[in-house]
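Chains, contacts and geometry: an overview
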Amino acid sequence: MEHAVDVLPTTDESAATASAGPPTTRVTLDVNGSEHPLDIDNRMSLLDALREKLALTGSKKGCDHGQCGACTVLIDGRRANSCLTLAVSAEGSAITTVEGLADDEGLHPVQQAFLDRDAYQCGYCTPGQICSAIGMLREARAGWPSHATHDVALDGVVLDDDEVRERMSGNLCRCGAYVNIVPAVLDAAEGSAMRDAADSHAAHAPDVPDASVTRGTTAPDTTAATR
Amino acid sequence: MKTFEYERATSVRSALTSLGTPGTKPLAGGTNLVDLLKLGVERPDLLVDINRLDFGGIEPTDDGGLLIGAGVRNSDLAADLLVRTRFPLLAKALLSAASGQLRNMASTGGNLLQRTRCTYFMDTTKPCNKRDPGSGCPAIPGASRELGILGVSNDCIATHPGDMAVALTALGAIIHVDTLDGPTSFEIGEFYRLPGADPTRDTNLPAGALITAVEIPGLPFGAVSTYRKARDRASYAFGLVTVAAALDVEDGIVRDVRIALGGVSHKPWRASIAEESLRGKLVTARSFEAAADAELAAATPTEQNAFKVALAKRMLVGTLHELAGGHE
């Protein structure tokens, strides 16, 4: 029997595997201001944990490879792809999903802007678009340049159609609702959108100093963000 | 996905101790590693999460350069005013890469170690000498449009997919690493390697080592620099050919120049031949074209990616013209 051990597990090993199952880790996830103690299979993405363990199905699984942005959530106030984040590694971070954006006073201004501008068609990418837009507006307020910024050495951000398209290019919309998403994001940038519901949930405030965001001209343009 | 154990490193030392066991991988931003876990390309037994370790931020150095902690996120590096003013090519390279979400996640150290996006490497049902040594390279007679034209071998024509590393190559960055035997460092040109007969290794990083920082030496004309990227869509796509360049011109003469090409080789390609060709030359279209031709003379493209030779030349010449603006 000695040479068979290389191929087949012993009875003891089989029993151990059966009782242990795949390696798991006990973590506490802070989601939308609530603490959730969970036993997580080490392989589980944050997206799957949100959807399957916490029944927060707002965050969507599009590609599951970080290419579409439908899974975008805010981690410590910053936008991130939850499909490429291991749930076990998210312990200690404040996670905000689309379900955590509205408060007693109403919808988050970005949510409201998407409604006002009809910035969706089927809606599948919308939760990711909204979370991404909130993170993006914070980045712009902090003065972060983008690939569309002419001189990266200059301080200050002027958001216009090109800037919004570039900064939102991590969120694909198969319906092609970009033509309404861009104005919605610009509305939110301009209006009362400087309020940030997600901040109230974040344990660590995003390291975003206050800087002004100016809105540029918004000439009508039907080009998609990923042209 | 294969199962794996998970632990959070509490110190660089503890991470190095864990990484001493074969089958262990460090987890930083995860933007490439988690994807490769899902695809079955990476199959570690243990992941050591180094995200909570403090590798330091972005510090100016005495020689006018910068020291960047390995954990600094791509988005923070691109947004840093010292980076944007001293080395705009680096900020631009970072901003041309991936998406806002991914840049928030990706770390400096992890980004240096991202794997090729060759479709055969990413598909475990296909042979690939990089993933499965000796199994062959179907890319060479196959879908090679995105793959290498310089420094390729008969075993692998994969390209390094990064943008940040191309800018860092032009800048001659130093990669600082730590090992259980103590710290060491690599000039970035010596860090990355060509595939040769062993494409499994992308870099000369010793087994079990951890990148701790990236140092950019001071470069006074670093402020006159840029990064250009040609890709199949205007945003959120890997480069077909990219150019990172910095140019120092005085009285119409090229005093010094730094050039690196991306999307053309297994490593970010320092265009040393073009640089040498340009030093001391008049700033003219003819000298720019001659430099590009000299660099690309060694190109060995496939039928599918032969366009990259012409594209690289135009990109390089166009970038130099842009940087020389006003001196011609």
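Going by the structure above, here's the rest.
Residues numbered from 1 in each chain as written. Chains lettered and ligands numbered in written order. Predicted model: local features only at pLDDT ≥ 70, side-chain atom pairs only at ≥ 80, totals over all residues. Heavy atoms only, no water.

A few points about the overall build of chain B
Scanning chain B from N- to C-terminus turns up 13 helices and twelve strands. Taken across its 328 residues, chain B has 58% of its residues classed as buried. Residue pairs in contact within chain B that sit at least 24 positions apart in sequence constitute 63% of those at least 6 positions apart. When the accessible surface of chain B is totalled, it reaches about 12300 Å², and 52% of it is carbon and sulfur. (Helix = DSSP H or I, 4+ residues; strand = E, 2+ residues; numbered from the N terminus. Buried < 20%, exposed > 50% of the residue type's maximum accessible area, 1.4 Å probe, protein only. Contact = heavy atoms within 4.5 Å. Areas by Shrake-Rupley, 256 points an atom, 1.4 Å probe, with all protein chains shown as cover.)

Remarks on the packing of aromatic side chains
Residues and elements named next belong to chain B. Under the counting rule described, the total for this entry stands at two aromatic pairs over all chains. Taking the centre distance of 5.8 Å and the plane angle of 65° together, the rings of phenylalanine 186 and phenylalanine 191 count as edge-to-face. The class for phenylalanine 186 is buried, based on a relative accessible area of 15%. For phenylalanine 191, a relative accessible area of 0% corresponds to the buried category. Both rings, one in phenylalanine 191 and one in tyrosine 192, keep their centres 5.1 Å apart while their planes meet at 80°; by these two values the pair is edge-to-face. Take tyrosine 192: its relative accessible area is 3%, and that puts it in the buried class. (Phe/Tyr/Trp six-rings, centres within 6.5 Å; stacked < 30°, edge-to-face > 60°.)

Remarks on the nonpolar core
Residues and elements named next belong to chain B. Ile50, Leu77, Leu90, Leu112 and Leu168 are the most contacted members of the largest nonpolar core, which totals 53 residues. Each of domain 1 (5-52) and domain 2 (224-324) accounts for three or more of the residues forming this core. In contact with leucine 112, not counting residues within four places along its chain, are His160, Met164, Ala165, Leu168, Ile175, Ile188, Tyr192, Ile211 and Val214. (Core = buried A, V, L, I, M, F, W, Y, C linked by side-chain atoms within 4.5 Å. Domains from an automatic or database assignment.)

Overview of the interface of chain B and chain A
Facing the 42 residues of chain B at the interface are 46 residues of chain A. Of the roughly 3500 Å² buried where chain B meets chain A, counting both sides, 52% is carbon and sulfur surface. Our count for the contact surface shared by chain B and chain A stands at three salt bridges. Where A:Asp155 meets B:Arg84, a salt bridge forms, and the shortest distance between an N and an O atom there is 3.9 Å. Across the contact surface, chain B and chain A share 25 residue pairs in polar contact (both at pLDDT 80 or more). For the side of chain B that touches chain A, the secondary structure elements donating two or more residues are β1 (5-8), α2 (33-39), β3 (46-49), α3 (74-79), α4 (81-86), α5 (88-95) and α6 (100-105) of chain B. Residues that form the side of chain B that touches chain A fall into these classes: 17 nonpolar, twelve polar and 13 charged. (Buried area = accessible area lost by both parts, 1.4 Å probe. Salt bridge = Lys/Arg side-chain N within 4 Å of Asp/Glu carboxyl O. Polar contact = N/O pair within 3.5 Å; in protein donor to acceptor, adjacent residues only side chain to side chain. Nonpolar A, V, L, I, M, F, W, Y, C, P; charged D, E, K, R; others polar.)

Points about the pattern of salt bridges
Here the structure, examined in full by the defined rule, presents 28 salt bridges over all chains. In this structure, the salt-bridge partner of A:Asp187 is A:Arg117, at a minimum N-O distance of 2.7 Å. Within this pair, whereas A:Asp187 is found in helix α6 (residues 178-190), its partner A:Arg117 is found in the loop between α3 (109-116) and α4 (126-141), the two being separated by 70 residues in sequence. Residue B:Asp232 is joined to B:Arg145 by a salt bridge in which the shortest nitrogen-to-oxygen separation is 2.9 Å. Here B:Asp232 is found in the loop between β9 (225-230) and β10 (241-250), whereas its partner B:Arg145 is found in the loop between α8 (119-122) and α9 (164-170), with 87 residues between them in sequence. On the basis of relative accessible area, B:Asp232 is assigned to the exposed category, the value being 52%.

Considering the packing of α3(A) against α4(A)
Residue and element names in this part refer to chain A. At a minimum axis distance of 9 Å, the contact between α3 and α4 shows a crossing angle of 125°. In terms of axis orientation, α3 runs oblique to α4. Note that α3 runs across α4; the crossing there is right-handed. Contacts between α3 and α4 pair Val110, Gln111 and Phe114 from the former with Thr126, Gln129, Ile130, Ala133, Ile134 and Leu137 from the latter. (Axes fitted to C-alpha atoms, helices over the stretch in contact; angles between N-to-C directions. Parallel < 35°, antiparallel > 145°, perpendicular 65-115°, else oblique. Left-handed = near helix turned anticlockwise from the far one by under 90°.)

Details of the packing of α3(A) against α6(A)
Residues and elements named next belong to chain A. Look at α3 against α6: their axes get within 8 Å of each other, and the N-to-C directions meet at 140°. If you check the angle between α3 and α6, you find them oblique. Note that α3 runs across α6; the crossing there is right-handed. Within the contact between the two elements, α3 uses Pro109, Val110, Ala113 and Phe114 and α6 uses Ile181, Ala184, Val185, Asp187 and Ala188. Among the residues making up the contact of α3 with α6, the classes are represented as eight nonpolar, no polar and one charged.

What about the environment of A:Gly123?
Residue and element names in this part refer to chain A. Residue placement: glycine 123 occurs in the loop between α3 and α4. Residue classification places glycine 123 among the partly exposed residues on the basis of a relative accessible area of 27%. On a C-alpha basis, the gap between glycine 123 and cysteine 175 in space is 8.9 Å, while along the polypeptide they are 52 residues apart.

Remarks on unusual backbone geometry
Residue and element names in this part refer to chain A. Backbone geometry places alanine 55, a non-glycine residue, at a positive phi of 55°. What makes alanine 55 exposed here is its relative accessible area of 59%. Phi at aspartate 76 takes a positive value of approximately 50°, unusual for a residue other than glycine. Mapping aspartate 76 onto the fold places it in the loop between β3 (72-75) and β4 (78-81).

Some thoughts on the pairing of strand β1 (residues 24-31) of chain A
All names here are of chain A. Note: β1 against strand β2 (residues 34-41), eight bridges, orientation antiparallel. By the bridge assignment, arginine 26 is partnered in β2 with aspartate 39. Connecting β1 to the antiparallel partner β2 that follows it, the hairpin turn spans two residues, and asparagine 32 within it adopts a positive phi of roughly 55°. Note that β1 and strand β5 (residues 94-96) share two bridges and pair parallel. Within the sheet, the bridge partner assigned to valine 31 lies in β5 and is isoleucine 95. (Pairing = 2+ DSSP bridges.)

Examining the environment of B:Gly148
Residue and element names in this part refer to chain B. Residue placement: glycine 148 occurs in the loop between α8 and α9. What makes glycine 148 buried here is its relative accessible area of 1%. Distance in space between the C-alpha atoms of glycine 148 and valine 264 is 4.5 Å, their sequence separation being 116 residues. Excluding anything up to four places from it in sequence, glycine 148 contacts Ile157, Thr159, Val264, Ser265 and Asn305.

A few points about the sheet that holds strand β11 (residues 253-262) of chain B
All names here are of chain B. Overall, antiparallel pairing links the four strands, which are arranged β9-β10-β11-β12 in an open sheet. The sheet is open, and its two borders are formed by β9 and β12 (269-270), each paired with just one other strand. In the sheet, β11 pairs with β12 via two bridges, with the strands oriented antiparallel. Each residue of the ladder has a partner; that of leucine 261, found in β12, is tryptophan 269.

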